[in-house]
Amino acid sequence: MHPLPKTLRRFLLAAPLIAAAPILSAASSPAAAHGHDVPNVVTTIKPIHGIASAIMKDVGEPVLLLDGASSPHAYSLRPSEARALRDADLVVYVSHTLESFLEKPLQSLSADSHILELIDLNGLALRDMREGGTWESHGHDHSGHADHDDDHDSHDDHDHEEHAHDDHEDHHDAEHAADHDHEHAPEKHTDHDDEDHHQEHGGIDPHIWLDPANGATIAMAITDELSHLDPDHADDYRENLKTLLASLHSLGNDLSAKVAPIRTNPYVVFHDAYQYLETGFGLNAVGSITVSPDQKPGAKRLHEIEDKIRDTGAVCIFAEPQFRPAIVQAVVADTGIRTGTLDPLGADIAAGPTAYQDILTQNVDALVKCLSDGT
């Protein structure tokens, strides 16, 4: 059997310890949600809403701004969504680079509102955006977070050269979970026009949730925030966190077993949104048609991708439901490569407390199906 990738192996080994460790007691910092028995929580995208829903299960229901059919790369708030933001006790979003439409609305929030920008969390495995579409100059672990090593050794769990990424220390060990000085929850950002803040994460790939280890870190941070805002339900949030972490532990094992037969099969994606999934499970993606869906690829880029497909023997190319498939179809016509669909946002998955796990499962199943056909 192909060995597990380091990041997933470490997460699976540490997850039972995390689930057993106590989260910071809300009594040490009592704070009540303003005007409500349960905090009004607003989330932006479905996978993050799924994590928040799991933590708030049987207590409350967070608001979801974007359904899976909408892309956060180009979104305009409706009046009802703007009102939900104004009434929020807690806003949870990924980053100003992914959900740039939040820049101005966040500035008008009440002084009592809390903002959790997930990309700022300690303990995340962050990766730089990759350059170009064929990834000879590929991303690496972001060294700005203290939980990462400075090693630049090749990924020893598979021999695909383009995934020679930095290893990072196990940010899910018991000491990290027990000594939980509310470090996952950054203070409210009061100035979202801060130039240094924008430059700090401008080069970071924001699709952090596609690594289940990052999902666990996000879940702990949301639990901390809710326990401080709503100490009366802190025990409920902590119990829900334990349940979620146990679910992610089991899911990680299941998904790793699914991808084992196709882990080395090369493939191409529509836009470069999946490197956290790739590195989390040791997959062999070799290129993307576009770095960002906001950037339409030119003829040169398409020729480079087609050459990469032929040179690597790529098995499949994956479209996305949020974007028109015409470009993908053009590449297919020229190369004869098989097609599948990946969706980091879960367009056709029901929102709710299992949505995050369902999104990870749907994408792994799509990879396995397309990469297994004819092999």
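**Student:** Explain the overall build of the chain residue by residue, including any values.
**Tutor:** A tally of regular secondary structure across the chain gives twelve helices and eight strands. In the chain, the share of contacts with a sequence separation of at least 24, taken over all contacts with a separation of at least 6, comes to 72%. Counting only carbon and sulfur atoms, one obtains 48% of the accessible surface of the chain, whose full area is about 15,000 Å².

**Student:** Go over empty space enclosed by the protein, please, and point to the residues and values.
**Tutor:** On inspection of all chains with the given rule, the structure shows two cavities of 30 Å³ or more. The computed volume of the largest cavity comes to approximately 60 Å³. Lining the largest cavity are Ser 71, Pro 72, His 73, Leu 98, His 207, Trp 209, His 271, Glu 320, Gln 322, Phe 323, Pro 344 and Leu 345. Residue composition of the lining of the largest cavity, grouped by class: six nonpolar, five polar and one charged.

**Student:** Pulling in residues and values, what's your account of the pattern of salt bridges?
**Tutor:** Overall, the coordinates contain seven salt bridges when judged by the stated rule. Here Lys 242 and Glu 239 are joined by a salt bridge, their closest N and O atoms 3.8 Å apart. In this pair, Lys 242 and Glu 239 both sit in helix H8 (residues 234–259), three residues apart, roughly one turn of the helix. Lys 242 sits in the partly exposed class, given a relative accessible area of 32%. Given the relative accessible area of 46%, Glu 239 is considered partly exposed. As a salt-bridge pair, Asp 307 and Arg 310 come within 3.6 Å of each other at their nearest N and O atoms. Of this pair, Asp 307 and Arg 310 are both found in helix H10 (residues 299–312), three residues apart, which corresponds to roughly one turn of the helix. A residue is classified by how much of its surface remains accessible, and Asp 307, at 41% relative accessible area, is partly exposed. For Arg 310, a relative accessible area of 47% translates into the label partly exposed.

**Student:** If you had to explain the nonpolar core to someone new, which residues and values would you point to?
**Tutor:** Formed by 63 residues in total, the largest nonpolar core has its most connected members in Ile 208, Trp 209 and Ile 218. Put simply, the parts of the chain that give this core at least two residues each are helix H2 (46–55), strand S3 (90–93), helix H7 (212–229), H8, strand S5 (267–271), helix H9 (275–281), strand S7 (316–319) and helix H12 (355–372). Each residue touching Trp 209, except ones within four places of it in the same chain, is listed here: Ile 45, Pro 47, Ile 48, Val 94, Leu 98, Pro 344, Leu 345, Tyr 356 and Leu 360. Grouped together as the second largest cluster of nonpolar side chains are 15 residues, Phe 270, Ile 289, Ile 309 and Val 331 included.

**Student:** Can you explain the packing of H2 against H8? Please cite residues and give values.
**Tutor:** Taken N-terminus to C-terminus, the directions of H2 and H8 make an angle of 125°; their axes are 7 Å apart at the nearest point. Classed by the angle they form, the pair H2 and H8 counts as oblique. Of H8, the residues touching H2 (which contributes Ile 51, Ala 54 and Ile 55) are Asp 236, Tyr 237, Asn 240, Leu 241 and Leu 244. Broken down by class, the residue content of the contact of H2 with H8 amounts to six nonpolar, one polar and one charged.

**Student:** Account for the sheet that holds strand S2 (residues 63–64), naming residues and giving values.
**Tutor:** Taking strand neighbours across the sheet as the criterion, the four strands line up as S2-S1-S3-S4 in an open arrangement whose pairing is parallel. The two strands at the open ends of the sheet, each matched to only one other strand, are S2 and strand S4 (114–117). With three bridges joining them, strand S1 (residues 41–43) and S3 adopt parallel strand pairing. Looking across to S3, one finds that Thr 43 is bridged to Val 92.

**Student:** So what's going on with the environment of Tyr 356? Residues and values would help.
**Tutor:** One can find Tyr 356 in helix H12. Sequence separation between Tyr 356 and Ala 52 is 304 residues, and the spatial gap between their C-alpha atoms is 9.5 Å. If we skip the residues at most four places from it in the chain, Tyr 356 touches Pro 47, Gly 50, Ile 51, Trp 209, Asp 211, Pro 212, Gly 215 and Leu 248. Within the local environment of Tyr 356, its side chain forms a polar contact with the backbone oxygen of Asp 211, the two atoms lying 3.5 Å apart.

**Student:** I'd love a proper account of the confidence of the model for the chain, names of residues and values included.
**Tutor:** In the predicted model, the chain carries a mean pLDDT of 78, and the fraction of residues at 70 or more is 69%. No element of the chain has a lower mean pLDDT than helix H5 (residues 174–178), which averages 37, and none a higher one than H2, which averages 98. Below pLDDT 50 for its whole length, residues 22–35 participates in 34 contacts with residues either more than four positions away or in separate chains.

**Student:** How would you explain the packing of H10 against helix H11 (residues 326–335) if you had to name every residue and give the values?
**Tutor:** At a minimum axis separation of 10 Å, H10 and H11 run at an interaxial angle of 50°. With respect to each other, H10 and H11 are oriented oblique. Seen along the crossing, H10 lies across H11 with a hand that is right-handed. Residue-level inspection shows Leu 302, Glu 306, Ile 309 and Arg 310 of H10 in contact with H11, the latter providing Ile 327, Ala 330, Val 331, Asp 334 and Thr 335. Its residues assigned to classes, the contact of H10 with H11 shows five nonpolar, one polar and three charged.

**Student:** Kindly report on the sheet that holds strand S8 (residues 338–341), identifying the contributing residues and their values.
**Tutor:** Strand order across the open sheet formed by four strands is S6-S5-S7-S8, with parallel pairing between neighbours. Since the sheet does not close on itself, it has two edges, and those belong to strand S6 (285–290) and S8, each with one partner. Strand-to-strand twist across the sheet, computed as the mean angle between neighbouring axes with direction ignored, equals 25°. As paired strands, S5 and S6 are joined by four bridges and run parallel to one another. Residue Val 269 lies in a different strand from S6, and its bridge partner there is Ser 288. Sheet strands touched by H11: S5, S6, S7 and S8. Its angle to S7, the strand with the most contacts, is close to 165°. With respect to the sheet, H12 is in contact with S5, S7 and S8, its orientation differing from that of S7 by roughly 145°.

The rules behind these values
- Residues numbered from 1 in each chain as written.
- Predicted model: local features only at pLDDT ≥ 70, side-chain atom pairs only at ≥ 80, totals over all residues.
- Heavy atoms only, no water.
- Helix = DSSP H or I, 4+ residues; strand = E, 2+ residues; numbered from the N terminus.
- Contact = heavy atoms within 4.5 Å.
- Areas by Shrake-Rupley, 256 points an atom, 1.4 Å probe, with all protein chains shown as cover.
- 1 Å grid on protein atoms, 1.4 Å probe; cavity = no way out; pocket = protein on both sides within 12 Å on 5 of 7 lines; lining within 4 Å.
- Points joined across faces, edges and corners; volume = space filled by probe spheres on them.
- Nonpolar A, V, L, I, M, F, W, Y, C, P; charged D, E, K, R; others polar.
- Salt bridge = Lys/Arg side-chain N within 4 Å of Asp/Glu carboxyl O.
- Buried < 20%, exposed > 50% of the residue type's maximum accessible area, 1.4 Å probe, protein only.
- Core = buried A, V, L, I, M, F, W, Y, C linked by side-chain atoms within 4.5 Å.
- Axes fitted to C-alpha atoms, helices over the stretch in contact; angles between N-to-C directions.
- Parallel < 35°, antiparallel > 145°, perpendicular 65-115°, else oblique.
- Pairing = 2+ DSSP bridges.
- Polar contact = N/O pair within 3.5 Å; in protein donor to acceptor, adjacent residues only side chain to side chain.
- pLDDT = per-residue confidence, 0-100.
- Left-handed = near helix turned anticlockwise from the far one by under 90°.

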